[in-house]
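Take a look at the letters that make up each chain.
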Amino acid sequence: MSTYTSANVWPVWTSTSYTTSTVSQSSDATSTWGGWVGCDYSNGTSATTSTITYTDSSAIWVYWAEEPTLKAISKEEQTANDERWAKEREESRKRAKKLEADKKAAEKKAKELLLDLIGEDELKVYEETGRLFVKGRKFDYIVNKGGYVQKVDKNKIIDLCVHIQNRYTYPETDNVVGMKLAIEGNEEEFLKIANHHSPRDIGELPRAACM
Amino acid sequence: MKNEMRIMGTLGDTKVIWDTENEDEVEAAEDQFDALKEKGFKAYAVKKDGKPGKEIKKFDSEAGMIIMVPKIAGG
């Protein structure tokens, strides 16, 4: 069996013609690299292949990092591992499914809240367009379901970066309701908090739900 | 008269309902309102007639509907 250890595998890898009394063959960077990345490494000379026992990249890594005697995994252990991984994958799938269902239910509730504020007809428009038109005291705004707000200033539009805190943990429509209330409740403060982008021209306002 | 508070949460909003004539219910709703305000939530009194919401600093047991919203932040 090869006696590579963490102390000598690095020089073997990086130097040419490295030889010590514990490594029974001459090796060089190319052959060690071959051993690390390849399977069933052989440098082509019978003298060397007979002394190198590692066979793949995981084997040499173990020698390098821990120096244990490499043990082949038994069939029973492999089966147990496969079963454990399959169970973990199944649990992970269930968690993702539940998360998705919770998210849908939360969004449904958020739309019910918006329904109480804008009525059935406008909710339909919101569901079609994903936009809510909000009238402030100074400006008009388009609140987008995707999470951004546009301030309408005459024939210009200014994108505003503003949202409820930790918005990604809340339903999208709750963020829309939050923006609507923040604009109506205290427009000055809302504009102070929002980050403004450069104004741009707009031809026609997009369709949006309004009250 | 029935009133309600809708508290935004990660699983959708939670409803708190109270009757203005029931002191215990009003007190419980007010306690919850104060606790959320301390956490930084904003409170808005809204009507179901589509009129703009109004920010309120103190609990109003006769507001009709209060919506509690997490504070806003610039992106």
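Just so you know, the residues in each chain are numbered from 1, in the order the chain's sequence is written. Written order decides the labels, with chains lettered from A and ligands numbered from 1. In view of the model being predicted, local features appear only for residues whose pLDDT reaches at least 70, and side-chain atom pairs are presented and counted only at 80 or more, with totals across whole chains, interfaces and linings using the full set of residues. Working from all heavy atoms in the structure, the side-chain values ignore hydrogens and water.

### So, unusual backbone geometry
All names here are of chain A. One non-glycine residue with positive phi stands out, namely Lys154, at about 55°. Strands here mean DSSP runs of E at least two residues long; helices mean DSSP runs of H or I at least four residues long; both are numbered from the N terminus. Mapped onto the secondary structure, Lys154 falls in the loop between strand S3 (149-153) and strand S4 (156-164). One non-glycine residue, Asn166, lies in positive phi territory at about 55°. Inspection of the secondary structure puts Asn166 in the loop between S4 and helix H6 (172-185). With relative accessibility at 54%, the residue Asn166 sits in the exposed group. Per-residue accessibility, obtained with a 1.4 Å probe over protein chains only, is compared with the maximum for each type, and a residue is labelled buried under 20%, exposed over 50%, and partly exposed between these values.

### Here's the deal with the environment of Phe33 of chain B
All names here are of chain B. When you line up the elements, Phe33 lands in helix H1 (residues 23-38). When the C-alpha positions of Phe33 and Lys58 are compared, they lie 8.4 Å apart, and in sequence the two are 25 residues distant. Contacts: residue pairs with any heavy atoms within 4.5 Å of one another. When sequence neighbours within four positions are dropped, the list of residues in contact with Phe33 reads Met5, Ala43, Ile56, Lys57, Lys58, Phe59, Ile66 and Met68.

### So, the packing of aromatic side chains
Whether two aromatic rings pair depends on their centres lying within 6.5 Å, for rings of Phe, Tyr and Trp, where Trp uses its six-membered ring; planes under 30 degrees apart make the pair stacked, over 60 edge-to-face, and the rest tilted. The full count for this structure, using the stated rule, is 3 aromatic pairs over all chains. Measuring from ring centre to ring centre gives 5.7 Å for Tyr141 of chain A and Phe190 of chain A, while their planes differ by 90°; the resulting arrangement is edge-to-face. Within this pair, whereas Tyr141 of chain A is found in strand S2 (residues 140-144), its partner Phe190 of chain A is found in helix H7 (residues 187-193), the two being separated by 49 residues in sequence. By relative accessible area, Tyr141 of chain A is classed as buried at 0%. Here the aromatic cluster, defined as three or more aromatic residues joined through ring pairs, consists of Trp18, Phe33 and Phe59 of chain B. Geometrically, a charge over a ring is one whose NZ (Lys) or CZ (Arg) sits within 6 Å of the ring centre while staying within 35 degrees of the ring normal. Over the face of the ring belonging to Phe139 of chain A we find Lys151 of chain A, whose NZ or CZ atom lies 4.2 Å from the ring centre.

### Points about the interface of chain A and chain B
Each partner contributes residues to the interface: chain A has 29 residues there, and chain B has 25 residues. Both sides of the chain A and chain B interface together cover about 2,400 Å² of buried area, and 61% of this is carbon and sulfur. Here, a salt bridge means any side-chain nitrogen of Lys or Arg that lies within 4 Å of a carboxyl oxygen of Asp or Glu. Applying the counting criterion to the chain A and chain B interface returns 2 salt bridges. With its nearest N and O atoms 3.0 Å apart, the salt bridge here joins Lys42 of chain B to Glu189 of chain A. Any pair of nitrogen or oxygen atoms within 3.5 Å is treated as a polar contact; in protein, a donor-acceptor pairing is required on top of that, and neighbouring residues in sequence qualify only through side-chain atoms on both sides. Joining chain A to chain B, the criterion identifies 6 residue pairs in polar contact (both at pLDDT 80 or more). With 8 residues, the single largest contributor to the side of chain A that touches chain B is H6 of chain A. Any two strands with at least two DSSP bridges between them are considered paired. Of the pairings in the sheet, the one linking S4 of chain A to strand S6 (residues 72-74) of chain B comprises 3 bridges and is antiparallel in character. By the bridge assignment, Val162 of chain A is partnered in S6 of chain B with Gly74 of chain B. Buried area: the accessible surface (1.4 Å probe) lost by two parts on joining, summed over both.

### Some remarks on the packing of helix H5 (residues 75-129) of chain A against H6 of chain A
The angle between the axes and the distance between the axes are what describe a pair of packed helices. Residue and element names in this part refer to chain A. Geometry is summarised by axes, namely lines fitted to C-alpha atoms with helices restricted to the contacting stretch, and by angles between N-to-C directions that run from 0 to 180 degrees. At a minimum axis distance of 8 Å, the contact between H5 and H6 shows a crossing angle of 65°. Judged by the inter-axis angle, H5 sits roughly perpendicular to H6. The chirality of how H5 crosses H6 is left-handed. Residues Glu107, Ala110, Lys111, Leu113, Leu114, Leu117 and Tyr126 of H5 lie in contact with H6, whose contacting residues are Glu172, Thr173, Asp174, Val176, Val177 and Lys180. Broken down by class, the residue content of the contact of H5 with H6 amounts to 7 nonpolar, 1 polar and 5 charged. Working definition: roughly parallel below 35 degrees, roughly antiparallel above 145 degrees, roughly perpendicular at 65 to 115 degrees, and oblique for all remaining angles. Here a crossing is called left-handed whenever its near helix is offset anticlockwise from the far helix by less than a right angle, and right-handed whenever the offset is clockwise. Polar here means any residue other than Ala, Val, Leu, Ile, Met, Phe, Trp, Tyr, Cys and Pro, which are nonpolar, and Asp, Glu, Lys and Arg, which are charged; Gly is therefore polar.

Nothing here speaks to function; it is geometry throughout.
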